[in-house]
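Chain and residue survey
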Amino acid sequence: MEIQTFEHDVLVIGAGGAGMRAAIEAADAGCSVGLVCKSLLGKAHTVMAEGGIAAALGNVDDRDGWKTHFADTMRGGQYVNNSRMAELHAKEAPERVRELEQWGAVFDRTKDGKILQRNFGGHRYPRLAHVGDRTGLEIIRTLQDHSVHKSQVAVYMECCITKLLKDGERVVGALGYYREKGRFVLFKAKAVIIATGGLGKAFEITSNSWEYTGDGYSLAYHAGAELLDMEFIQFHPTGMVWPPSVRGILVTEGVRGEGGVLRNKDGKRFMFDDIPENYRNQTAKDIEEGWRYTQGDKHAMRPPELLTRDHVARCINREVKAGRGSPHGGVYLDISWIKERIPNAREYIKKKLPSMYHQFMELGGIDITTEAMEVGPTTHYTMGGIRVDGDTQMSNVPGLFAAGESAAGLHGANRLGGNSLSDLLVFGKRAGEYAAKYAQQQQPGWIDEAEVKASMDWALHFMDAPKGDENPYKLQQDLQKSMQALVGIVRKEDEMLTALEKIKGYNERALKVAAPANREYNPGWHTCMDLSNLLTVSEALTRCAIERKESRGAQFRDDFPEKSKEFGEVNMIIKKAPDGAMQLRREPIKPLTDELQGVIKEIG
Amino acid sequence: MSSIGSAAAATRTFKVWRGERGTGEFKSFTAEISPGMVVLDAIHQIQATQAPDLACRWNCKAGKCGSCSAEVNGKPRLMCLTRMESLPDGDVTVTPMKSFPSIKDLVTDVSWNYEQNKKITPFTPAKRGAAGVAADGTFRMQQVDVERSQEFRKCIECFLCQDTCHVIRDHDKKEVFSGPRFFVRAASLEMHPVDTADREPFLKHTGGIGFCNITKCCTEVCPEHIKITDNAIIPLKERVADRYYDPVVMLWRWMFKKKG
Ligand SMILES: Cc1cc2nc3c(=O)[nH]c(=O)nc-3n(C[C@H](O)[C@H](O)[C@H](O)COP(=O)(O)OP(=O)(O)OC[C@H]3O[C@@H](n4cnc5c(N)ncnc54)[C@H](O)[C@@H]3O)c2cc1C
Ligand code: SF4
Ligand code: SF4
Ligand code: FES
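Note that the coordinates shown come from a computational prediction; the quantities given were computed from them, not determined experimentally.

**Observations concerning the site of ligand 2**
All names here are of chain B. Around ligand 2 lies a shell formed by Cys-165, His-166, Pro-180, Cys-212, Asn-213, Ile-214, Thr-215, Lys-216, Cys-217, Cys-218, Thr-229 and Ile-233. Listed by contribution, the elements that provide at least two residues to the shell around ligand 2 are helix H8 (217-221) and helix H9 (228-243). In terms of residue class, the shell around ligand 2 is built from seven nonpolar, four polar and one charged.

Spelled out as structure tokens, the structure:
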């Protein structure tokens, strides 16, 4: 068998924040590391993150600490989170942020020269370390520049993994292809870390790029790993809605953190009308108090625009459906109004939100310092994902680890803004550390050549011997439309059952997709292969969403609009049955330890 | 008011360079134009409906990742930020970046750039207790003091400046010249308040900053509006000139009476 082969102790699939942080850790532990990514290095989703990274540094408000961060994360996640992960995350995030600074990240500063922190939805205190609104770029570049000097890390760019390889129960490698030449490549590894990010491309309107086809979930699932709570997909309340070509592109929550407000077409700040009970005593009573909060008044409560994303997204959806939306089917997000309150508002906005200023200027022809933006919900983040052990990030499959957006547990039913970047660092590091430990105890595994060959044949048949002439792009669009319409922000049993039927049909069509026969940098061919991942994850998330007959966090069921105690005590778990069918079971959530229970009581 | 909505014709002709490893030709495609559309949308439309194997890079579609660099009507641009309304009437040509080896269609081999980064001494912070470093090791830096470095750290590595610079584009001095992107990178480190490393030997020898004759073409194409020449290259050249002779700096100093 002629195939280029590389051998590493640890193979990291994905070079976003989680993957790079994992690679650095495993290399520092003395392992040889392969780092694989579908795009060029430094272009992963992490680069797009805007608002900031959450860590209870307490630089702006010294009342903050890990306990409050933990309690906020659990409340935001509606208590179906993995509490061990929420605890570790809250405790370790500050150290990970400080470490980034030691590696060269240049965060914005407080007056006394420390790392500045800003307000964000669901965080009780100003907690997000940031660099204007390009925090992700700062993080990815810092990790990239830190890792390029490590000789133990070999980077394989524009290389897509299509299959995990197992020796018995254990994962021992992966098969992929280079996008450039279309040649296959085999990686042998003693441990594999999945850090492939999310699945936003299953939906029509999304802030996510072509990369987010749910590869990691699908790879892990087919290797026997369990997927957890796939129904929890975050619809970010503020995506661009106009012009059509930019629909879905993110408008950072930082706009609201800096004083931006949401209004309907009548000019009303509708968020004040619907404040959930469990946030009532943390929310401003009136416009004045909300404004004071954004300006750092420690006695003020946050404005309702900074309630959790699930809630804000639903409120916007309601305004639009009730006919109170903006001309292009959104609502107004206005930061320009702050000129009534502060001098130099224009300069302030450009300084604090430079990339938003640019984005609207260049893509929408709108000057956000003088006009309101039009915004609406966009598919943004996958809370669910590969089920991992909270401490080690290992899945139920020996040797297979996951971190970042591809792993699940930390965020429960809804992620707080800023908690992803910190997640990447905290659990990227842990995954790297424990994968290295695991790898150091293993012998190289045996690679099943027949399996590799079958997998390569499958990949090539889309060009060499297609079973039909379906257009893969068209099929992807059809799937996205169905998921958006039937499994979107507001869900109903009958619609989701229709979605399952449709997915079945799409699966059949997916067998017949074809691409021009040219292995060199052929996106049509790549899309044929991505489809199978997209369909797997679409089915998984739809099944979970049907099974969870309640509304909680990001999952809103029109037919079960309330939270239920029964479902508040379980996670949904997807696993591939021996016969290849997709199996779903409910699993009781581990109760909080007494200590953590105490923390929640104490913080409230 | 926004110009959106006043979009011109409903279709446009795109002449897209198609080929592999340097050999190829222009192919014409017609794309439907909708309000606010950018060139990258047209390329995607062509891919989805007419040429499924048309190769291009993209990720964010919002000017944040620096993947979609190409030349539109001969000018280095991010395709995702090039609005159709901003282009003159007539056919639109889309070609790959000229300064890098062609792979296929609009995709070029930019690996040389990644090699340059490795040559730059990484961030090397001062020790605890030194100026700017507190006893616990965390930094104390004023916002005004980090702003210069932050300007350079806005770089999204689109490599359009590299594509434009005549030292690379016309003279192909890739062996001895790292290019504006990496002067920006070096400057971000050199101007970091607590960095202590010395990158002047890199700039002078490996990076070849002396080849730059401050034409400012790089600054003009930078989508992040980094003042590459004025804020990064010239100050670095100044530093290098204090240690090594650089005729361009000498001339520049003479012209602007900035005796060093
Ligand atoms: C516009 C936007 C703004 C955001 N703002 C914030 C914010 O302010 N704060 C915050 O905390 N979070 C934010 N988020 C969320 C956060 O950025 C992401 O959740 C996070 O960056 C994901 O990081 P990751 O390391 O898990 O994956 P990514 O950074 O997405 O990296 C995934 C990697 O996996 C690779 N990959 C995928 N599939 C394969 C395969 N089959 N083979 C090989 N490689 C593969 C990709 O090429 C890529 O390198 C934002 C997200 C978006 C889209
Ligand atoms: S200013 Fe220097 S680096 Fe920039 S394009 Fe001109 S010669 Fe090249
Ligand atoms: S300096 Fe500007 S033009 Fe050059 S790579 Fe960076 S962002 Fe692109
Ligand atoms: S796609 Fe990211 S810069 Fe154009």
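**Quick look at the environment of Glu-180 of chain A**
Along the chain, Glu-180 of chain A turns up in the loop between strand E8 (170-178) and strand E9 (184-194). You can call Glu-180 of chain A partly exposed: its relative accessible area is 21%. Separated by 21 residues in sequence, Glu-180 of chain A and Cys-159 of chain A place their C-alpha atoms 8.2 Å apart. Here the side chain of Glu-180 of chain A touches Arg-21 of chain B through a polar contact of 3.5 Å, side chain to side chain.

**Here we look at the environment of Asp-579 of chain A**
Residue and element names in this part refer to chain A. Checked against the element boundaries, Asp-579 lands in the loop between strand E20 (570-576) and strand E21 (582-588). Relative accessible area serves as the criterion here: at 65%, Asp-579 is assigned to the exposed category. A distance of 2.9 Å separates a polar atom in the side chain of Asp-579 from the backbone nitrogen of Ala-581.

**Looking at the sheet that holds strand E14 (residues 373-382) of chain A**
All names here are of chain A. The sheet built from four strands is open, its strands ordered E11-E14-E13-E12 with antiparallel pairing. Each end of this open sheet is capped by a strand with a single partner; those strands are strand E11 (233-240) and strand E12 (261-263). Geometrically, the sheet is characterised by an average inter-axis angle of 45 degrees between neighbouring strands, direction not taken into account. Note that E11 and E14 share six bridges and pair antiparallel. Pairing of Gln-234 across the sheet is with Tyr-381, part of E14.

**Considerations on the interface of chain A and chain B**
At the junction of the two partners, chain A supplies 65 residues and chain B supplies 60 residues. Note on chain A versus chain B: buried area summed over both sides is about 5200 Å², and carbon and sulfur give 52% of it. Inspection of the region where chain A meets chain B yields eight salt bridges. One salt bridge connects Lys-351 of chain A with Glu-147 of chain B, and the closest N-O pair in it is separated by 3.3 Å. For the interface between chain A and chain B, the tally reads 43 residue pairs in polar contact (both at pLDDT 80 or more). Elements supplying a minimum of two residues to the side of chain A that touches chain B: helix H3 (83-102), helix H4 (135-147), helix H10 (354-364), helix H13 (472-486) and helix H15 (523-547) of chain A. By residue number, the principal contributor to the side of chain A that touches chain B is H10 of chain A, which donates eight residues. Broken down by class, the residue content of the side of chain A that touches chain B amounts to 24 nonpolar, 20 polar and 21 charged.

**Some remarks on the domain arrangement of chain B**
All names here are of chain B. Looking at chain B, the domain boundaries give domain 1 (10-107) and domain 2 (110-259). Between the C-alpha centres of domain 1 and domain 2 there is a distance of 30 Å. With 15 residues of domain 1 at the contact, the number on the domain 2 side is 18 residues. A combined buried area of about 1300 Å² lies between domain 1 and domain 2, and 57% of that area is made up of carbon and sulfur atoms. The largest per-residue losses of area from domain 1 upon contact with domain 2 belong to Pro-76, Ser-99 and Phe-100, which jointly make up 44% of the total buried on that side. The tally of links between domain 1 and domain 2 comes to one salt bridge. One salt bridge in this structure joins Glu-71 and Arg-169, with 2.8 Å as the shortest N-O distance. Inspection of the domain 1/domain 2 interface yields five residue pairs in polar contact (both at pLDDT 80 or more).

**Topic: the side chain of Ser-406 of chain A**
Residues and elements named next belong to chain A. Mapped onto the secondary structure, Ser-406 falls in the loop between strand E16 (400-402) and strand E17 (407-408). Separated by 3.2 Å, the side chain of Ser-406 and the backbone oxygen of Ile-194 make a polar contact. Non-local contacts of Ser-406, meaning those with residues more than four positions away in its chain, are made with Ile-194, Ala-195, Thr-196, Gly-197, Tyr-217, Gly-385 and Ile-386.

What counts, and at which threshold
Residues numbered from 1 in each chain as written. Chains lettered and ligands numbered in written order. Predicted model: local features only at pLDDT ≥ 70, side-chain atom pairs only at ≥ 80, totals over all residues. Heavy atoms only, no water. Near = heavy atom within 4 Å. Helix = DSSP H or I, 4+ residues; strand = E, 2+ residues; numbered from the N terminus. Nonpolar A, V, L, I, M, F, W, Y, C, P; charged D, E, K, R; others polar. Buried < 20%, exposed > 50% of the residue type's maximum accessible area, 1.4 Å probe, protein only. Polar contact = N/O pair within 3.5 Å; in protein donor to acceptor, adjacent residues only side chain to side chain. Pairing = 2+ DSSP bridges. Axes fitted to C-alpha atoms, helices over the stretch in contact; angles between N-to-C directions. Contact = heavy atoms within 4.5 Å. Buried area = accessible area lost by both parts, 1.4 Å probe. Salt bridge = Lys/Arg side-chain N within 4 Å of Asp/Glu carboxyl O. Domains from an automatic or database assignment.

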